[in-house]
Amino acid sequence: MATRIIARPLAYKHLSSSLPRLVQPYSQPATNQYQNILVETRHPGVGKITLNRPRALNALSSSLFQELNHALQNFDNDESTGTIVLTGSEKAFAAGADIKEMKDLTFSKAYNTNFIASWSSTIPNIRKPIIAAVNGYALGGGCELALMADILYCSSSAMFGQPEIKLGIIPGAGGSQRLTAAIGKSRAMELILTGKNFSGTEAAQWGVAARVFDTAEECVQGALKTASKIAEMSQLAVRAAKEAVNKSQETGLREGLDYERKVFHGLFGSKDQKVGMSAFVEKKNPEWSNE
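Conventions used here
Residues numbered from 1 in each chain as written. Predicted model: local features only at pLDDT ≥ 70, side-chain atom pairs only at ≥ 80, totals over all residues. Heavy atoms only, no water. Pairing = 2+ DSSP bridges. Helix = DSSP H or I, 4+ residues; strand = E, 2+ residues; numbered from the N terminus. Axes fitted to C-alpha atoms, helices over the stretch in contact; angles between N-to-C directions. Contact = heavy atoms within 4.5 Å. Phe/Tyr/Trp six-rings, centres within 6.5 Å; stacked < 30°, edge-to-face > 60°. Buried < 20%, exposed > 50% of the residue type's maximum accessible area, 1.4 Å probe, protein only. Lys NZ or Arg CZ within 6 Å of the ring centre and 35° of its normal.

Let's hear about the sheet that holds strand β6 (residues 92-94): which residues, and what values?
Taken in spatial order, the 4 strands line up as β6-β8-β10-β11 in an open sheet, and their pairing is mixed. Looking at strand neighbours, the two that pair on one side only are β6 and β11 (197-199), the edges of this open sheet. Here the average twist between neighbouring strands, direction ignored, is 20 degrees. Where β6 lies against strand β8 (residues 137-139), 2 bridges are found, and the strand directions are parallel. For alanine 92, the partnering residue across the bridge sits in β8 and is tyrosine 137. Its contacts with the sheet place helix α4 (residues 141-148) against β6, β8 and β10 (159-161), and it is angled at close to 95 degrees to β8.

Below, the structure written as structure tokens:
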């Protein structure tokens, strides 16, 4: 059953741990209480977050990330949510950072406040899979945000890039690191030093995106379909698999293999391993306990 998202002004200035949970069961309408994002739970087991600053092409700001991090943590803590989809509009996933917020920053202010650290500190610690559905512009911080996702889908017309060099700065939320890991040093160096953009089709060809779609609607629906499929799996095994894959990006092969094997062995102590293997042998559909 489709839900209707209602955007209401915030009645508070700052988010806090005392806020009520904003994640509702998928069969109930979701009431949005944010200014910069929309939150939906219309698909079983799937939380959807849409960046919603249309007049600014979803330009990223500290206030947006405060809301985004809060919503992500809510979904991560919600037992009924297995996967999270993050998207923007057809015109822009996020066209970059809000330059008005940072143009007058001094070194001491940026350094002392650890400016934009919160932009990339929460997402890597979310234990549930995050799928980014990218359409339109994903530039600067928008590209970095998309790269933080566990799975990236995009439409062929999507436009990625790290144009910070044109502003006299460099990527500050992981672009120089994650983009290089995805496409290699030489290509990343060319893109970052020139500020050149690359298309959704190129993103898929270079390994940045897992899949590319013809239209924005197909991209979002594809992300939701994959999210629903993941949400049907044992969530214990999903979390373990995500941890193992992420470990491969942080360690050498030997350490990664040792970690993978330890997690593999550990899952034989779970109920879901018994459920899954018994169901396979008996040719039945498993009924996961997530234990």
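Moving on from the coordinates now.
So what about the sheet that holds strand β5 (residues 83-87)? Which residues, and what values?
Ordered by their spatial adjacency, 6 strands build an open sheet running β3-β4-β5-β7-β9-β12, and the pairing between neighbours is mixed. With partners counted over all chains shown, the strands left at the sheet margins are β3 (37-43) and β12 (211-213), one partner each. Neighbouring strand axes in the sheet, compared pairwise and without regard to direction, differ in orientation by 20 degrees on average. In this sheet, strand β7 (residues 130-134) lies alongside β5 in parallel orientation, the contact comprising 4 bridges. If you follow threonine 87 over to β7, its bridge partner there is alanine 133.

Tell me about the packing of aromatic side chains, residues and numbers included.
The tally for this structure, following the rule as stated, stands at 7 aromatic pairs. On the numbers, 5.4 Å between centres and 20 degrees between planes, the contact of phenylalanine 107 with tyrosine 111 is stacked. You can see phenylalanine 107 and its partner tyrosine 111 sitting in helix α3 (residues 107-112), 4 residues apart, about one turn around the helix. A single burial state applies to phenylalanine 107 and to tyrosine 111, both of which are exposed. Measuring from ring centre to ring centre gives 5.4 Å for phenylalanine 160 and phenylalanine 198, while their planes differ by 15 degrees; the resulting arrangement is stacked. Of this pair, phenylalanine 160 sits in strand β10 while phenylalanine 198 sits in strand β11, and the two are 38 residues apart along the sequence. Using a relative accessible area of 1% as the deciding quantity, one classes phenylalanine 160 as buried. Since its relative accessible area comes to 1%, phenylalanine 198 is described here as buried. Each member of the aromatic cluster is reached from another via a ring pair, and the members are Phe65, Phe115 and Trp119. Residue placement shows arginine 211 over the ring face of tyrosine 153; its charged tip is 5.8 Å from the ring centre. Positioned over the ring face of tyrosine 259 is lysine 247, at 4.7 Å from the centre of the ring.

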